[in-house]
Amino acid sequence: MIGLISATAAGAAARDRLAAAWPDRARVYDGPVGEAVRAAFAECGQLVCFLATGAAVRLVAPLLGDKASDPGVVCVDEGGRFAVSLVGGHAGGANELAREVAELLGAEPVVTTATDSVGLSGLDTVGLPVEGDVAAVSRALLDGEAVALAAEVPWPLPPLPLAPRGRYTVRLTDRAVEPAGQEVILRPPSLVVGVGASRGAPVQEVLDLVGAALREAGLSARSVGALATVDAKADEAGIVEAAERLGVPLVTYSAAELAAVEVPNPSGAPLAAVGTPSVAEAAALAGGGELLVPKRKSERADGSPAMATCAVVRRPVRGRLAVVGLGPGARDLLTPRAKAELRRASVLVGLDQYVDQIRDLLRPGTRILESGLGAEEERARTAVAEARRGQAVALIGSGDAGVYAMASPALAEASDDIDVVGVPGVTAALAAGALLGAPLGHDHVSISLSDLHTPWEVIERRVRAAAEADLVVTFYNPRSRGRDWQLPKALAILAGHREPTTPVGVVRNASRPDESSRLTTLAGLDPATVDMMTVVTVGNTATREIAGRMVTPRGYRWQDTRQEDAQ
């Protein structure tokens, strides 16, 4: 919950805007400001105070205890110009909250945390449990000292400027080890604990069994990513509560799924009870991985039969591939989601000229793998291979990455052993359409005229189909030095179904500094004025030029009525 506190009418107005935007996340604290701050500090995970920073500091300072547990505090001035991350920038989430508040209020976020100020990923913000000397190792990263990465378990991390060796170390491990001096340990959720239990098994018996299994194997409980069991035990109270206390999800599988998993220690008891010869081992191994702790039973002080079993598996790492559309070129048409993915990726793969467009958005430590025109398949293979090695990868393309760009070759290369995220972008057709007016207002199609990967016979058949269906057509890759006949041929096909006066929009470098657009007709277009940086949009039989804009009507009835009235 986010506590909202204000002292004046101006602050209250901005406060109420946040309360309206966050109906389920925020609570307004009225009354004397000091009492409101104390109450919100005790009851909420974060605070937004519409106060002068000095007043906020004096009110919050006596309440501070431990930065690991104190709520994050954001201070907003009475004019709503600045949202200042005051306390708990990382642990309390105040840095991100300040950015969110600023976006909602049209303010400027003020974040002074050292790592955030220079665009460096904070070691305590990578999303993994962290132990050790975070301050010293972070300072070493900020000072440009060599900090080594010791990855005992591969896991996709955000970009960090880490080296093969150095005085300071970031260790990625699921083993139960204590951090050494000048070392930070990150705990990936790499362990899956399979659990079986008799009906009514006490939660403490389940927890004691899991704890003992991890402890004796030298594994950290902070790296447990999930408990797993058979779906017949999905509502078994002891297992459900054990997952809740460990703070991990409970994953369940059908008996048939578990029966198909090869295990070292099958048994007749679970086969008779739930229909599979193994629950603990099979559930732990269902997602693949290495069996670290074979099935073991709980021990009861009174010597009665065990009511719980468990097994521990180190699951295979799943790298992450984000296929990111950069839009047509203008920075303000690059989506916030695309920016977030670029800053999250530890490896960036892309065409060199596209990398140059967004190089300034990348965090320190991002590894860049760039190549020139014609290496699309190589880039796709490289991106997938890096993801399979457990990296967080961003593969970039212009416009929308799924439209004549990198998504299709990458996904054709990828299997289900990596996580894939698609990030949509503004396509060239959309950017060109916005400049021309509304040419895509009804059904339309995009066709690439490049026959490098598609035979011309196939392209021609598609153009004829679009012409016969009376679709607005946007031509990509219309003409190059070596391909100068395809566009005239395509236009001639359309001319067999449309009037010579059909509007045609020609847009070059849409949204870029040297963009240009013009409106002509099917008969008036000179193909020699078109190149590979141009998008050509040919209207259908309903498309009109209205006030210098290209418009394709939707066929609304009220428009027909208005036209009849005008006559």
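This write-up is about the structure you can find in this document. (Residues numbered from 1 in each chain as written. Predicted model: local features only at pLDDT ≥ 70, side-chain atom pairs only at ≥ 80, totals over all residues. Heavy atoms only, no water.)

Helix and strand counts for the protein come out as 19 helices and 28 strands. Taking all 567 residues of the protein together, the buried fraction comes to 46%. Residue pairs in contact within the protein that sit at least 24 positions apart in sequence constitute 64% of those at least 6 positions apart. By element, 51% of the accessible surface of the protein is carried by carbon and sulfur atoms, the whole surface being about 26800 Å². In the protein, which carries 56 positive and 68 negative side-chain charges, the distance between the mean positions of the two groups comes to 2 Å. (Helix = DSSP H or I, 4+ residues; strand = E, 2+ residues; numbered from the N terminus. Buried < 20%, exposed > 50% of the residue type's maximum accessible area, 1.4 Å probe, protein only. Contact = heavy atoms within 4.5 Å. Areas by Shrake-Rupley, 256 points an atom, 1.4 Å probe, with all protein chains shown as cover. Lys, Arg positive; Asp, Glu negative; His and termini not counted. Charge placed at Lys NZ, Arg CZ, Asp CG, Glu CD.)

A few words now on the sheet that holds strand β26 (residues 534-538). Strand order in the open sheet made by the 5 strands is β22-β23-β26-β24-β25, with mixed pairing throughout. Sheet topology places β22 (444-448) and β25 (516-521) at the edges, where each strand pairs with a single neighbour. Each strand axis lies, on average, 20° off the axis of its neighbour in the sheet, ignoring direction. Here 5 bridges tie β22 to strand β23 (residues 472-476), and the two strands are oriented parallel to one another. Bridging across to β23, isoleucine 447 finds its partner in phenylalanine 475. Against the sheet, helix α16 (residues 428-436) makes contact with β22, β23, β24 (503-508), β25 and β26, and its axis sits at roughly 115° relative to β24, the strand it touches most. The strands that helix α18 (residues 486-495) touches are β23 and β26; relative to β23, the one it contacts most, it runs at about 175°. (Pairing = 2+ DSSP bridges. Axes fitted to C-alpha atoms, helices over the stretch in contact; angles between N-to-C directions.)

With that settled, consider the packing of aromatic side chains. Counting across every chain of the model gives 2 aromatic pairs. Look at tyrosine 404 and tyrosine 476: their rings are 4.7 Å apart centre to centre, the planes differ by 50°, and that puts the pair in the tilted class. Pair noted here: tyrosine 404 is in the loop between β19 (392-397) and α15 (407-413) and tyrosine 476 is in strand β23, with a separation of 72 residues, a long-range link. Residue classification places tyrosine 476 among the buried residues on the basis of a relative accessible area of 10%. Centre to centre, the rings of tryptophan 456 and tryptophan 485 are 5.1 Å apart; their planes meet at 70°, and the pair counts as edge-to-face. Of this pair, tryptophan 456 sits in helix α17 (residues 456-468) while tryptophan 485 is found in the loop between β23 and α18, placing the two residues 29 residues apart along the sequence. Residue classification places tryptophan 485 among the partly exposed residues on the basis of a relative accessible area of 44%. Sitting over the ring of tryptophan 22, arginine 25 keeps its end group 4.8 Å from the ring centre. (Phe/Tyr/Trp six-rings, centres within 6.5 Å; stacked < 30°, edge-to-face > 60°. Lys NZ or Arg CZ within 6 Å of the ring centre and 35° of its normal.)

With that out of the way, let us pick up unusual backbone geometry. Phi is positive for tyrosine 404, close to 55°, though the residue is something other than glycine. At asparagine 477, a residue that is not glycine, the phi angle is positive and equals roughly 45°. Structurally, asparagine 477 can be placed in the loop between β23 and α18.

All of the buried residues along helix α2 (residues 33-43) are Val33, Gly34, Ala36, Val37, Ala40 and Phe41. The buried residues of α2 occupy one face: seen down the axis, they fall within an arc of 160°. Each element contacted by the buried residues of α2 is listed here: β1 (2-6), β2 (26-29), β3 (46-50), α3 (53-60) and β4 (72-76). (Arc of directions from axis to C-beta.)

Interhelical geometry of helix α1 (residues 9-21) versus helix α4 (residues 94-105) gives an angle of 105° and a closest axis separation of 10 Å. One element, α1, and the other, α4, form an angle in the roughly perpendicular class. Side by side, α1 and α4 meet where Ala14, Arg17, Leu18 and Ala21 of the first sit next to Val101, Leu104 and Leu105 of the second. Here the contact of α1 with α4 is built from residues that sort into 6 nonpolar, no polar and 1 charged. (Parallel < 35°, antiparallel > 145°, perpendicular 65-115°, else oblique. Nonpolar A, V, L, I, M, F, W, Y, C, P; charged D, E, K, R; others polar.)

Here we take up the state of the cysteines. A disulfide bridge is the covalent bond that connects two cysteines by way of their sulfur atoms. If you walk through the whole model with that rule in mind, you get 0 disulfides. The thiol of cysteine 75 is not disulfide-bonded; the next cysteine sulfur, from cysteine 49, is found 6.5 Å away. (Disulfide = S-S within 2.5 Å.)

The sheet built from 4 strands is open, its strands ordered β7-β10-β9-β8 with mixed pairing. Two strands bound the open sheet, and with one partner strand each, they are β7 (130-132) and β8 (147-151). Strand-to-strand twist in this sheet, taken as the mean axis angle between neighbours without regard to direction, amounts to 20°. Running over the sheet, helix α6 (residues 134-142) touches β7, β8, β9 (168-172) and β10 (183-186) and is turned about 115° from β9.

What follows concerns the nonpolar core. Of all hydrophobic cores here, the largest spans 24 residues; its most connected members are Val193, Val195, Leu214, Leu227 and Val312. Where this core is concerned, the elements lending two or more residues are β11 (191-197), α7 (203-216), β12 (224-230), α8 (237-246) and β15 (308-314). Once residues lying within four places of it in the same chain are set aside, the contact partners of valine 193 are Val210, Val224, Ala226, Leu227, Ala228, Cys310, Ala311 and Val312. Ranked by size, the runner-up nonpolar core spans 21 residues in total, among them Leu491, Leu494, Val504 and Val530. (Core = buried A, V, L, I, M, F, W, Y, C linked by side-chain atoms within 4.5 Å.)

Let's shift gears to the environment of valine 426. Within the secondary structure, valine 426 is located in the loop between β20 (419-423) and α16. Classification of valine 426 as partly exposed rests on a relative accessible area of 23%. Residues valine 426 and alanine 237, spaced 189 residues apart in sequence, show a C-alpha to C-alpha distance of 49 Å.

With that settled, consider the side chain of serine 85. Assignment of secondary structure puts serine 85 in strand β5 (residues 82-87). The class for serine 85 is buried, based on a relative accessible area of 9%. In terms of polar contacts, serine 85 uses its side chain to reach the side chain of asparagine 95, at 2.6 Å. Not counting the four nearest positions on each side in its chain, serine 85 is found in contact with Val73, Ala94, Asn95, Ala98, Val110 and Val111. (Polar contact = N/O pair within 3.5 Å; in protein donor to acceptor, adjacent residues only side chain to side chain.)

α18 packs onto α17 with a crossing angle of 30° between their chain directions and a minimal axis gap of 9 Å. On the basis of the axis angle, α17 is roughly parallel to α18. In terms of crossing hand, the pair formed by α17 and α18 is right-handed. Residue-level inspection shows Trp456, Glu460, Val463, Arg464 and Ala467 of α17 in contact with α18, the latter providing Gln486, Lys489, Ala490, Ile493 and Leu494. Classifying every residue of the contact of α17 with α18 by side-chain character gives 6 nonpolar, 1 polar and 3 charged. (Left-handed = near helix turned anticlockwise from the far one by under 90°.)

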